[in-house]
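Chain by chain, the residues:
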Amino acid sequence: MHRFLTAFRGVASSLVLLSSVVLLPVAQAQMPLPPEVAARSYLLLDVTANQILAAKDIDSPIEPASLTKLMTEYLVFDALKSKKITLKQTFSVSERAWKMPGSRMFIDPKMQVPVEDLIKGMIVQSGNDATMALAEGVGGSVENFVKLMNEQAKALGMKSTAYKNPEGLTEPGHTTTARDLSILSTRLMQDFPDYMGFSAIKKYRYPGTPAANDTNRNTLLFRDPTVDGLKTGHTAAAGYCMIATAKRDFPNLGAAGAPGGRRLVAIVLGTASDSARANESQKLLNWGYTAFEAVKLFDAGQAVVSPAVWKGKSGTVKLGRPEAIVIAVPAGSSARVQTQVARPDPLVAPFTRGQALGTLKVNVGGGETVVDVPLVALETVEEAGILGRAWDSIRLWIK
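This structure is a prediction, so every number in the text was calculated from the model and none was measured.

Reading the values: rules and limits
- Residues numbered from 1 in each chain as written.
- Predicted model: local features only at pLDDT ≥ 70, side-chain atom pairs only at ≥ 80, totals over all residues.
- Heavy atoms only, no water.
- Helix = DSSP H or I, 4+ residues; strand = E, 2+ residues; numbered from the N terminus.
- Buried < 20%, exposed > 50% of the residue type's maximum accessible area, 1.4 Å probe, protein only.
- Contact = heavy atoms within 4.5 Å.
- Areas by Shrake-Rupley, 256 points an atom, 1.4 Å probe, with all protein chains shown as cover.
- Phe/Tyr/Trp six-rings, centres within 6.5 Å; stacked < 30°, edge-to-face > 60°.
- Pairing = 2+ DSSP bridges.
- Axes fitted to C-alpha atoms, helices over the stretch in contact; angles between N-to-C directions.
- Expected span 1.5 Å × (residues − 1).
- Polar contact = N/O pair within 3.5 Å; in protein donor to acceptor, adjacent residues only side chain to side chain.
- Arc of directions from axis to C-beta.

Before going further, it helps to spend a moment on the overall build of the protein. Of the regular secondary structure elements, the protein holds 9 helices and 15 strands. A total of 399 residues make up the protein; the buried ones form 52% of that total. By sequence separation, contacts in the protein at least 24 residues apart represent 68% of the contacts at least 6 residues apart. In the form shown here, the protein has an accessible surface area of approximately 17700 Å², with 54% of it arising from carbon and sulfur atoms.

Set out below in structure tokens:
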């Protein structure tokens, strides 16, 4: 399995490994082989566990086509969240927006269109005209909006992405990768949960526009009730592309015994047809849910370990995650999960809440590490007074 979580970058004089959760005799788990996927590149991400389950050529540059609109969504949702614009606010339609080629919402310069409708036109109908109107309304100009897109891509860590326009029409240098699209998709859902319902809308058209143009191109919305997004794209150069996400409930993932959702994202790029991108995406989602099982190791805010602290007002510090720690392992192997905690030693205060202080290393049956989960301080530990620090300095010297 590919590793996706960010590695811990702490500096320490030495590293301590603490083993735990050895439930059965050691027997390495066989990693499931992904299905054959007819696409130039693809990636299946377990968002809940933050692990890549399957991938092909995820760092190869590709044209994103209308998947570009996910970054436009990100900036529009950010403007809504920060109250720079409102859903009821209207934007004018420029000549440039009106004359956009490709898929359209069919708006024209005589209209003043609410932001909410432009968002629906961009997502449901993949309207290049709606996308251009939003870019001009939020960015002041298309050129400035594209600048904002590239700045946001850099801020999100999308290292191999360059935007030339907000809608995704073919243009030299307008490229991204499957890996970067997984980062964008995940952050879009995490940062703007209140607006993700737009991606699940099956049918929409603006009053006075053609009725035949009302259907979401994400056909999985009509096929799989657990699918609730995200976007499709197509140009002659890019082929047929899709980012599909599904959330299915599992009894072992919720708090206090309640069912919890496990979300996967399938990114399929460069397929041969509309039906192919849907079929290959569905194939990956179904395989991910059946070939791997999700295991919740710790609840949100639960201490994984509470090691001793030197020169602090508290004698220990709780290490864990603010969210539940969930991992994905091959189906049937959850009883053989083993964990180790790697952390600096000694731990010398002060520490701030959220500071990275270690890593939870997870393997199955003593095999290779499946995933590294960064551990952070769940509480602030202030520095002790002069006498406390002096006493601990002596103890450390003796140690």
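Next comes the rest of the description.
So, about the packing of aromatic side chains. A complete count under the given rule lists 6 aromatic pairs for this structure. Ring centres of F77 and Y195 lie 5.2 Å apart, and the angle between their planes is 20°; on these two criteria the pair is classed as stacked. In this pair, F77 sits in helix 1 (residues 69-81) while Y195 sits in the loop between helix 6 (178-191) and helix 7 (220-223), placing the two residues 118 residues apart along the sequence. Y195 sits in the buried class, given a relative accessible area of 17%. On the numbers, 6.2 Å between centres and 15° between planes, the contact of F77 with F198 is stacked. Taken together, the residues span a long stretch of sequence, with F77 in helix 1 and F198 in the loop between helix 6 and helix 7 at a distance of 121 residues. Each member of the pair, F77 together with F198, is buried. Ring pairs connect the aromatic residues Y74, F77, F192, Y195 and F198, which therefore count as one cluster.

The 5 strands lie next to each other as 3-2-8-7-6, forming an open sheet whose pairing is antiparallel. Edge positions in the open sheet fall to strand 3 (51-56) and strand 6 (227-235), since each of these has one partner strand only. The average angle at which neighbouring strand axes cross in this sheet is 10°, direction not considered. When strand 2 (residues 41-46) meets strand 3, the two strands line up antiparallel, connected through 5 bridges. Paired with L45 across the bridge in strand 3 is I52.

A turn of α-helix holds 3.6 residues, and therefore any two residues three or four places apart point the same way. Relative to the 16 Å expected for 12 residues at 1.5 Å per residue, helix 4 (residues 128-139) spans 16 Å between its end C-alpha atoms, a close match to the ideal helical length. By the criterion of burial, helix 4 is predominantly enclosed, with 10 of the 12 residues buried. Taken as a whole, helix 4 has its buried residues at N128, D129, A130, T131, M132, A133, L134, A135, E136 and G139. Taken together, the buried residues of helix 4 touch helix 1, strand 4 (90-92), helix 2 (95-98), helix 3 (115-123) and helix 5 (142-156).

Position of E280 among the secondary structure elements: in helix 8 (residues 274-291). Given a relative accessible area of 9%, E280 falls into the buried group. Within the local environment of E280, its side chain forms a polar contact with the backbone nitrogen of A38, the two atoms lying 2.8 Å apart. Of note is the side chain of E280, whose polar atom sits 3.2 Å from the side chain of K283. The residues contacting E280, other than those within four sequence positions of it, are E36, V37, A38 and V268.

For the rest of this paragraph, the subject is helix 5. With 15 residues, helix 5 should cover 21 Å at 1.5 Å per step; its first-to-last C-alpha distance of 21 Å lies within 8% of that length. Of all the residues in helix 5, the buried ones are V142, F145, V146, M149, Q152, A153 and L156. For helix 5, the arc enclosing every buried residue in end-on projection is 120°, short of the 170-degree limit, so these residues lie on one face. Exposed side of helix 5, more than 90 degrees from the buried face: E143, K154 and A155 are the residues found there. Against the buried residues of helix 5 lie helix 1, helix 2, helix 4 and helix 6. G157 sits one or two positions beyond helix 5 and adopts a positive phi of about 85°.

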